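Listed below, chain by chain, are the residues.
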Amino acid sequence: MPNIVVSGLINIETSCPIKEFPIEYFPIDYPFGKVNSCISGVGFNLISNLKVLGADITFISMVGNDLFGRMILKELENTKLPTQNIYTKLSATPQSVVLYDNFGKREIYCDLKDYQEVDFDFSGIINSLKKADVIIACNSNFNRPLLKIASQLNKTVATDVHVFSNPDDEYNRDFLENAKILFMSDEGLKDRDIRAFVLEVHKRFNNQIIVVGCGDKGALLFEAEKQEFTDFPAVFIRPVVSTSGAGDTLFSSFIYFYSKGKKPKEALKLAIIAASYKIGEAGSSKGFLDEARIEKIRACGF
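First things first, this report covers the structure right here in the doc. (Residues numbered from 1 in each chain as written. Predicted model: local features only at pLDDT ≥ 70, side-chain atom pairs only at ≥ 80, totals over all residues. Heavy atoms only, no water.)

1. Re the overall build of the protein chain
1) Next: For the protein chain, the helix and strand inventory stands at nine helices and 13 strands.
2) Next: In terms of its C-alpha atoms, the protein chain occupies a principal-axis envelope of roughly 55 × 45 × 40 Å.
3) Next: Counting over 302 residues, the protein chain shows a buried share of 52%.
4) Next: For the protein chain, restricting intrachain contacts to residue pairs at least 6 apart in sequence, the fraction spanning at least 24 positions comes to 68%.
5) Next: Accessible surface for the protein chain amounts to roughly 14,300 Å². Of this, 51% is attributable to carbon and sulfur atoms. (Helix = DSSP H or I, 4+ residues; strand = E, 2+ residues; numbered from the N terminus. Buried < 20%, exposed > 50% of the residue type's maximum accessible area, 1.4 Å probe, protein only. Contact = heavy atoms within 4.5 Å. Areas by Shrake-Rupley, 256 points an atom, 1.4 Å probe, with all protein chains shown as cover.)

Next up, the structure:
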C-alpha cells in the first residue's frame, strides 16, 4: 500500500440545507434531521478518503485544547485514524459552516481561529517523512518548513491551491514552487483560457502534473513530460446532495492511485468516479468508496 503523509487542517464542520441561493431573509426555519456536525477540514477529508482506499497514512495537524479539540482526538482514536502528530497548539479548534442547496451548490464559512499564525516543528517526524511515497502539504502557513524538508529528502510533494487565479499570488508561491503534483479548481478561472493559464503556471513553476477540477464538467489533466492536455468528462454515479469535499476526494484519490503506479490518466479516471460518488452525501468527510468498489464501477464502463 502507498505510504502518504498528509499535513493540513482539521476542524468541526456544521452543514445546513437551504432552499436556494441567493438566500432570502427568513427569521427561522426547521430543517428537521438535516443540520449535522462532523469532523472535517481539508487535511481530515484527505486522510479519511485515503484510509478507506487503503493507504498507510501519517497525519499532521493542530487543534485547540478545548471541547471540540478533545472530541476530534477521541473520535480519531475510535475510528483508528492517527492522532500522534495532532497537537493542541491552537487557542481554539477551527470551525466551518456549509450551506448547500437542492442543486448541490455550496457556500462555506471557515473560521480558522489562530491556525494560520501558529508555527510547527517538523523535526520530530523526519522518519515518517523519509518513508513517504508522497507528501501532501496543504497550503497552510505552518506547512512552509515542510516544503523545504521534503525538497531536502527528494520527496514528491503534492498540493491543492483550490480556488486560484493568479500565478503571482505570494501566499501560494512556496507551494507552487515545490509541488510536483498541483491541483486547483476552475472556480477562479471562469473567464480565463484554462489551458493557457495552466501552461503559464507550468512555465513558471515546472509542476510535472497539473489537474484542474471543473465540477460537473469533469477535470483537465496536464502532463509536463508529454506536454499534453487531456479532458475528462464528469460521471454521474448517484444523485448529487452536496459538492462540499468533492475536490478533496478527487485530489486524494488521484494521489492514492498514482502512488500505486497508475498512469496519470488512469489515476484521474478512477479519482473522478470517487468524487462523483462522494457528492451523493452531505458532509465533506463522508461518502467515500474503497478501491475495490471504484474499480468495479470503472469496469462497468465509467
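Continuing now.
2. Side note on the sheet that holds strand β8 (residues 134-137)
Pairing between the strands of a sheet is mediated by backbone hydrogen bonds and can be parallel or antiparallel.
1) Next: Strand order in the open sheet formed by nine strands is β5-β4-β1-β8-β9-β10-β11-β12-β13, with mixed pairing between adjacent strands. This sheet does not close on itself; its edge strands, each paired only once, are β5 (86-90) and β13 (228-232). Taken over all neighbouring pairs, the strand axes of this sheet differ in orientation by 15° on average, direction set aside.
2) Next: As paired strands, strand β1 (residues 3-7) and strand β4 (residues 56-64) are joined by five bridges and run parallel to one another. (Pairing = 2+ DSSP bridges. Axes fitted to C-alpha atoms, helices over the stretch in contact; angles between N-to-C directions.)

3. Details of helix α7 (residues 246-259)
1) Next: Taking 1.5 Å of rise per residue, the 14 residues of α7 would be expected to cover 20 Å, and the 20 Å separating its terminal C-alpha atoms lies within 8% of that figure.
2) Next: Within α7, eleven of the 14 residues are buried, leaving the element largely enclosed by the surrounding structure.
3) Next: Listed as buried for α7 are Ala 246, Asp 248, Thr 249, Leu 250, Phe 251, Ser 252, Ser 253, Phe 254, Ile 255, Tyr 256 and Phe 257.
4) Next: Just downstream of α7, Gly 261 is the residue with a positive phi angle, here 105°. (Expected span 1.5 Å × (residues − 1).)

4. Side note on the nonpolar core
Nonpolar side chains in soluble globular proteins generally cluster together in the buried interior.
1) Next: Counting 49 residues, the largest nonpolar core has Ile 136, Phe 254, Ile 255 and Leu 268 as its most contacted members.
2) Next: The element best represented in this core is helix α8 (residues 264-278), accounting for nine residues.
3) Next: Ignoring anything within four residues of it in the chain, the contact list for Ile 136 reads Ile 4, Val 5, Val 6, Ser 7, Leu 46, Leu 50, Ala 158, Phe 251 and Ile 255.
4) Next: Val 5, Phe 120, Ile 125 and Phe 142 belong to the second-largest nonpolar core, a separate cluster that totals 21 residues. (Core = buried A, V, L, I, M, F, W, Y, C linked by side-chain atoms within 4.5 Å.)

5. Brief notes about the pairing of strand β6 (residues 95-100)
1) Next: The pairing of strand β2 (residues 11-17) with β6 spans six bridges and is parallel. In the strand pairing of β6, Ser 15 is matched with Val 98.
2) Next: Note: β6 against strand β7 (residues 106-111), six bridges, orientation antiparallel. Bridging across to β7, Val 97 finds its partner in Tyr 109.
3) Next: Here β6 hands over to β7 after five residues, with Gly 104 in that stretch at a positive phi of 90°.

6. Points about a nonpolar patch on the surface
1) Next: On the surface, a nonpolar cluster with roughly 400 Å² of combined accessible area is contributed by Ile 28, Tyr 30 and Phe 32.
2) Next: Residue Tyr 30 is classed as exposed on the basis of its relative accessible area, which comes to 52%. (Patch = residues over 30% accessible without salt bridge, like charges linked within 9 Å, V, L, I, M, F, W, Y side chains within 5 Å. Salt bridge = Lys/Arg side-chain N within 4 Å of Asp/Glu carboxyl O.)

7. Some points on unusual backbone geometry
1) Next: A cis amide bond, omega -5°, links Phe 21 with the succeeding residue Pro 22.
2) Next: When you line up the elements, Pro 22 lands in the loop between β2 and β3 (36-40).
3) Next: One non-glycine residue, Lys 113, lies in positive phi territory at about 55°.
4) Next: Note on placement: Lys 113 falls in the loop between β7 and α3 (126-131).
5) Next: Phi is positive for Asn 154, which is not a glycine, with a value near 60°.
6) Next: Relative to the helices and strands, Asn 154 is located in the loop between α4 (144-152) and β9 (156-163).

Any link to function would need more than the numbers given here.
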